[in-house]
Each structure stands twice: as structure tokens, then as C-alpha cells.
Amino acid sequence: MIADGAPGRARRPWWPLFFVAVATAIMLPELLWGLSASDSYRYNLLWTDEFTSQFAAGNPWPRWLSQSWDGLGAPTFYHYPPLFFWVAALIRTPLFDLVGAQAAASLASLLILAASGGAMYLWLRRFGSPIAALVGALAYEAAPYHLYDIFARGSLAEASAYAALPLVPMAIERIADRRRGGVALLAGGYALLVLGHMPSALIASISLIPAYFLYRVRPLGAAVALRGAGGILLGLALSAAYLWPAIGLLPFTLSEAFGGAWFDPLNWAFWTPQRWPSAGRAMLNILFASTALIATIAAFFGRRSDADRGALRFWALLAIALFLLIAGFPPMISQISQMTMVQFPARLMPDADFVAITALVIARPPLTRPLTIAALLLAIMGWLVMAQAMIGRTYSVRSIAARSQALVLDDRRDAPTFLPAAVPMPIAPDELFGANPSLVRLPERGWLVRGQGARIIVSQDGESIDATVETPSATTLVARRYAYPIWRVRDERGSIIVPTAQPVTGLVTWPTPAGRHHYRLEPGPAPGERASLLVSFLALMLLGLTLWQPLRSSLRKVLPFTARTSS
């Protein structure tokens, strides 16, 4: 591009600032009145506060939240994806005394919103004019379900999936066109999708990604298909540092919480209202899914050129398939245990929004067509509902939210679904989703290590606890920490004792013989954690090798020019 009135000078791209401005306007209620009092307000505040605090203290990946549950700790980020909270930490760390956890979370949502618009714009430029791509990316950035994730559900990680999702089809396009960087972009985009929200990555991996891969790559032969498959495998390896512990450590948490009625796809089927766990949420799912479906069909029948017929047929068929899955068809999908763990129907909406907006940009249907008008009216209805949520959950409840913040940060009761498996619960595990964290009984404060009949001198060094114990007879020591396979106990000889979980409380416990002994309880890597980090490191090196040749070629073009101008 050439700037007006300045021949030979490259025009600076303006569109990133446009999407930042749009994201700022969307997030204005939170920027003015505080974090939305969403379904996950407690966790968004708690996790952002402790994750960013540990990050600022030098821990780049705080997997164990030591202050959760009144200091008992929680393995939250061994299982929950970290991408959103890394963004929040990068915002808060240099301004720690000026930016609180609420502001850091809102600013992170702002940046990721802008990134989703920018990524979608780069994807849509292939199919339409800059203006068409801009309008489509704006619709994607401000999609009703996208706003619903942020302001009503509070699923900030799922909202992050909107930013990573366009990168994967974009990479598949590059691979299909045999352009450089396709494998690296596919690996990086898929890894970001996993690190942003694993359930969204899983759903896209069985719907949008394989469908588009087969549509674009399969006709081009085995060599191109292998490059695409290699990109996905490399992306999995890049995200292994998160995926391996997140899946491998599930037996050590209350993973049954993801198998309750809330996650049964049949309970969300559009034709079974008597089983809906939440009628209001189910009706919104119908509204959002119907909007995406009708918009895609409107694009197919309203296309301006028959040259687009093949592409639009693909997007229309994919939209129908996504709608049926969101609606709960086929019923046997509920028998797939992995699907029940990810709230399968609703979390297909980012894919459905992506498909619908892509089809609309390709077709550019006239606004006077009935189907186009119907899709637009449904979208407006969705935006009106979200506008009410954006204002209602920020301005209208700001005093309640202020009181809630003080309560949350007092005892820091975390998500019961991520409690260690040994922690006793007063309700069935499959009823934990949405349960009040106050149901969990916490031990009294004021102690770190205790044992029957023992005199104990205790000191604390960061996460580690030193205990000097004198006892006339063998006894069992209990530490005020939830048991999880990260804890190690060293005695005065340096021998390692593997602690267990106390059955009644779920706390860390280990035996001690009679006499005087010294113990140090300290956290270490969880099973598989070091190996997973090694896999991700090797994958990162391999990614660097795939990028080296294109980078070297680019430098060869730039450096001679630079040398001439400098001389």
C-alpha cells in the first residue's frame, strides 16, 4: 500500500487501532464500574489476583494457588488453561501498585477482544474487500455469544478462544496454497487455542478444524495433508506442558463434578425443555444458534456470484451440522464421556459464529432478502439482551460486587470442581458445578503443622514449611495444606517421605517416630510435569527450525538494502 501524498512510503496499518477502539467501547462498563458480576465473578477475581501476584513475584506459571481455600491451596492451574491469565499478568506486573485484579481482568478481556477482531479480519481479507472484512470482523468481535461469555457467564477463557480460532483455518489456507509459514502458524494457532480454552479446542478438533482440513487439503494429495497433520501434532506438543498434567492429574481432583446434569448434552437438547438445567440459558442458546444458522443459509441463497457456490455450500452444510450438535442431535453424543466434561452444546457457538460470518463475507447477500433481514433481527435481539447484561451486571450491582470482592478475598474459596480428590464434600461430586463454595468446611486458622502429643516449632519460607518436632511416641503430623501430588517431605537426613491425605480433612499428613526430628514440607513438580515441559521445549525448538529458513530469506532481502542506505 502507498500512503496518500507520499509516494514510495508504506502506509501504516490502521485496523489494529480500530479493533482496540471497538474493544474499549465494549469493555467500557467494566472499565467504569468494575468487573462484571457474572456467574464466575468469584473465580475471575480470585484467580486473576493470585495468578498475577505470583507472576509478579517471579513464578511464570502459577499452577498451585497457595492462598486459595484460606491458605490450604488449590491445583487450579494444573487444570485450567492459563492464556487469559498470562495476558492479565503481563498487564498488571509492571503496574502492580496501580492496577488491581479487577482492572487487570477487564484490560485482558479488552486486549483479547481486540485480538479476536484482528485475527478475524486477517482471515476474512482472503474472501472479501477490506471494508467487508472489517464489518465481518467487527461482527465477530462483538458477537452476542462472545459478549455473553464475558459479561454473563464470565467464561473469560472461552472468550479467549474467539481470538485463537481464526488462526487455525488461516494456517490451513496457507498450507493448501503451499505458502511458507503454514505449518508454523497451524502449530502456534492450535497451541494458543488449547492454552486458551481446552474444551473449545476439543470441540473445534472434532468439527470445524477437520471439516475445513478435508475440504481444503485432502484434494491436494498426501504430501500436503501430512504437512497439515504435522502442524496439528506440533501444536499438541507445544501445549503438552499444559495438556499432559491437566489430563493426567484428573484422578487427583474431584473430576466427577464434570459429569453431572449440567454437562449432559441431552439436558440441553432444544426439544426437551423439561430437562433444561436453566431455561433462560437454553433459550439464549436457541437464539444464538438460530442466528448463526439463518445467517449462513441467507449467505448461501443470497450470494451475488455462482463462483462462490461451492465454498458457500461447504459453509452452509457445516453450519447445519453445528446447529444440530448445539440442538442436541444426535442423542448418542451424550454417551461420549469427554463431551459431557465440556458442556458440549453451548461451547460450539464460537465455531458457529465463525462459520456464519465467513459465509456472509463471501456472499455479501443483499440486506433486502427475507433471510438476511431475519438473521439481522435475531442478531439485534441478541445484542439487546447482552446490552442489558453489560449494564445490569456492572453498574446496577456495583455495590453488591464491592461487598462480594471483600468476601472473596477474605477466605479465597476457590472452585469446588478443582478441589483435590481427598477433600470431603457434603454433596455428591456430580452436584458440585455451581455449588456454593461455602459448603466446604475449612479447618480453623492459626496453625501450620500439628500432631497428637507432639511439641512442634514451625517456620515458613515462601511455600515451604519447616517443622521441628519432639514427641514421646510415634505419631502422625498434619500440615494445613490440601494434599496433592506436588508435596514432598524431607527429614533431617535428607530422606524424602511421600505424604498422604488425611481421610477426614484431605490435608497433607505423614508419620514421625518418637524423638526429636526436623521436617521440611515443600512443593515440587507434579507427576509428568517435567516431562511435559521438556516436550513443549523440544516442540518450541522444532517450531523455530521451521521458521528459520523463511526468516533467513527475508533477512537476505532486507539486509543488502539496509547496508546500501546506511552507506
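Residues numbered from 1 in each chain as written. Predicted model: local features only at pLDDT ≥ 70, side-chain atom pairs only at ≥ 80, totals over all residues. Heavy atoms only, no water.

Draft legend 1. Expanded view of the overall build of the chain. Along the chain, the regular secondary structure elements total 23 helices and nine strands. Residues classed as buried in the chain amount to 53% of the 567 residues present. Contacts spanning at least 24 positions in sequence make up 74% of the contacts within the chain whose residues lie at least 6 apart. Carbon and sulfur atoms make up 65% of the accessible area of the chain, which amounts to about 25,000 Å² in all. (Helix = DSSP H or I, 4+ residues; strand = E, 2+ residues; numbered from the N terminus. Buried < 20%, exposed > 50% of the residue type's maximum accessible area, 1.4 Å probe, protein only. Contact = heavy atoms within 4.5 Å. Areas by Shrake-Rupley, 256 points an atom, 1.4 Å probe, with all protein chains shown as cover.)

Draft legend 2. Examining the nonpolar core more closely. Of all hydrophobic cores here, the largest spans 125 residues; its most connected members are Ile26, Trp47 and Trp315. The element best represented in this core is helix α7 (residues 101–124), accounting for 13 residues. Once you skip the residues sitting within four places of it in the chain, Trp315 turns out to touch Trp123, Leu208, Tyr212, Thr296, Phe354, Val355, Thr358, Ala359 and Ile362. Counting 31 residues, the second largest nonpolar core, distinct from the first, contains Tyr78, Leu249, Val449 and Ile486. (Core = buried A, V, L, I, M, F, W, Y, C linked by side-chain atoms within 4.5 Å.)

Draft legend 3. Looking closely at the packing of helix α9 (residues 144–153) against helix α21 (residues 370–392). Running from N to C, α9 and α21 cross one another at 15 degrees; their axes reach a closest spacing of 9 Å. Between α9 and α21, the angle is such that the two are roughly parallel. In terms of crossing hand, the pair formed by α9 and α21 is left-handed. Contact residues: Pro144, Leu147, Tyr148 and Phe151 in α9; Ala379, Gly382, Trp383, Met386 and Met390 in α21. (Axes fitted to C-alpha atoms, helices over the stretch in contact; angles between N-to-C directions. Parallel < 35°, antiparallel > 145°, perpendicular 65-115°, else oblique. Left-handed = near helix turned anticlockwise from the far one by under 90°.)

Draft legend 4. Seen up close, a nonpolar patch on the surface. On the surface, Leu367, Ile373, Leu376, Leu377, Ile380, Trp383 and Leu384 cluster together into a nonpolar patch covering about 670 Å² of accessible area. Along the chain, the position of Leu376 falls in helix α21. (Patch = residues over 30% accessible without salt bridge, like charges linked within 9 Å, V, L, I, M, F, W, Y side chains within 5 Å. Salt bridge = Lys/Arg side-chain N within 4 Å of Asp/Glu carboxyl O.)

Draft legend 5. Here's a closer look at the environment of Arg347. In this fold, Arg347 is placed in the loop between α19 (337–340) and α20 (349–363). Distance in space between the C-alpha atoms of Arg347 and Ala204 is 9.4 Å, their sequence separation being 143 residues. Reaching out from Arg347, the side chain makes a polar contact with the side chain of Glu158 at a distance of 2.6 Å. (Polar contact = N/O pair within 3.5 Å; in protein donor to acceptor, adjacent residues only side chain to side chain.)

Draft legend 6. Layout of the packing of α7 against helix α10 (residues 156–164). Look at α7 against α10: their axes get within 7 Å of each other, and the N-to-C directions meet at 30 degrees. By the angle class used here, α7 and α10 are roughly parallel. Along the contact surface, α7 presents Ser109, Ile112, Ala115, Ser116 and Ala119, while α10 presents Leu156, Ala159, Ser160, Tyr162 and Ala163. For the contact of α7 with α10, the residue count by class is seven nonpolar, three polar and no charged. (Nonpolar A, V, L, I, M, F, W, Y, C, P; charged D, E, K, R; others polar.)

Draft legend 7. Representation of the sheet that holds strand β6 (residues 496–497) in the model. One open sheet accounts for five strands, arranged β2-β3-β9-β5-β6; its pairing is antiparallel. Two strands lie at the open edges of the sheet, namely β2 (455–461) and β6, each paired on one side alone. Bridge analysis of β2 against strand β3 (residues 464–471) gives seven bridges, and the strand direction is antiparallel. Counted as the bridge partner of Asp461 is Ser464 from β3. (Pairing = 2+ DSSP bridges.)

Draft legend 8. Structural context of the layout of surface pockets. Quantified by volume, the second largest pocket comes out at close to 790 Å³. Together, 31 residues line the second largest pocket, and Ala139, Ile357, Leu360, Leu376 and Trp383 are the ones closest to its centre. The element best represented in the lining of the second largest pocket is α21, accounting for seven residues. Taken together, the residues of the lining of the second largest pocket break down into 24 nonpolar, four polar and three charged. (1 Å grid on protein atoms, 1.4 Å probe; cavity = no way out; pocket = protein on both sides within 12 Å on 5 of 7 lines; lining within 4 Å. Points joined across faces, edges and corners; volume = space filled by probe spheres on them.)

Draft legend 9. Representation of the pairing of β3 within the structure. Counting buried residues along β3, seven of its eight residues qualify, which places the element largely inside the surrounding structure. Sheet analysis places β3 next to strand β9 (residues 515–523), joined by seven bridges and oriented antiparallel. When the sheet's bridge partners are listed, Thr468 is paired in β9 with His518.

None of this, on its own, says anything about what the molecule does.
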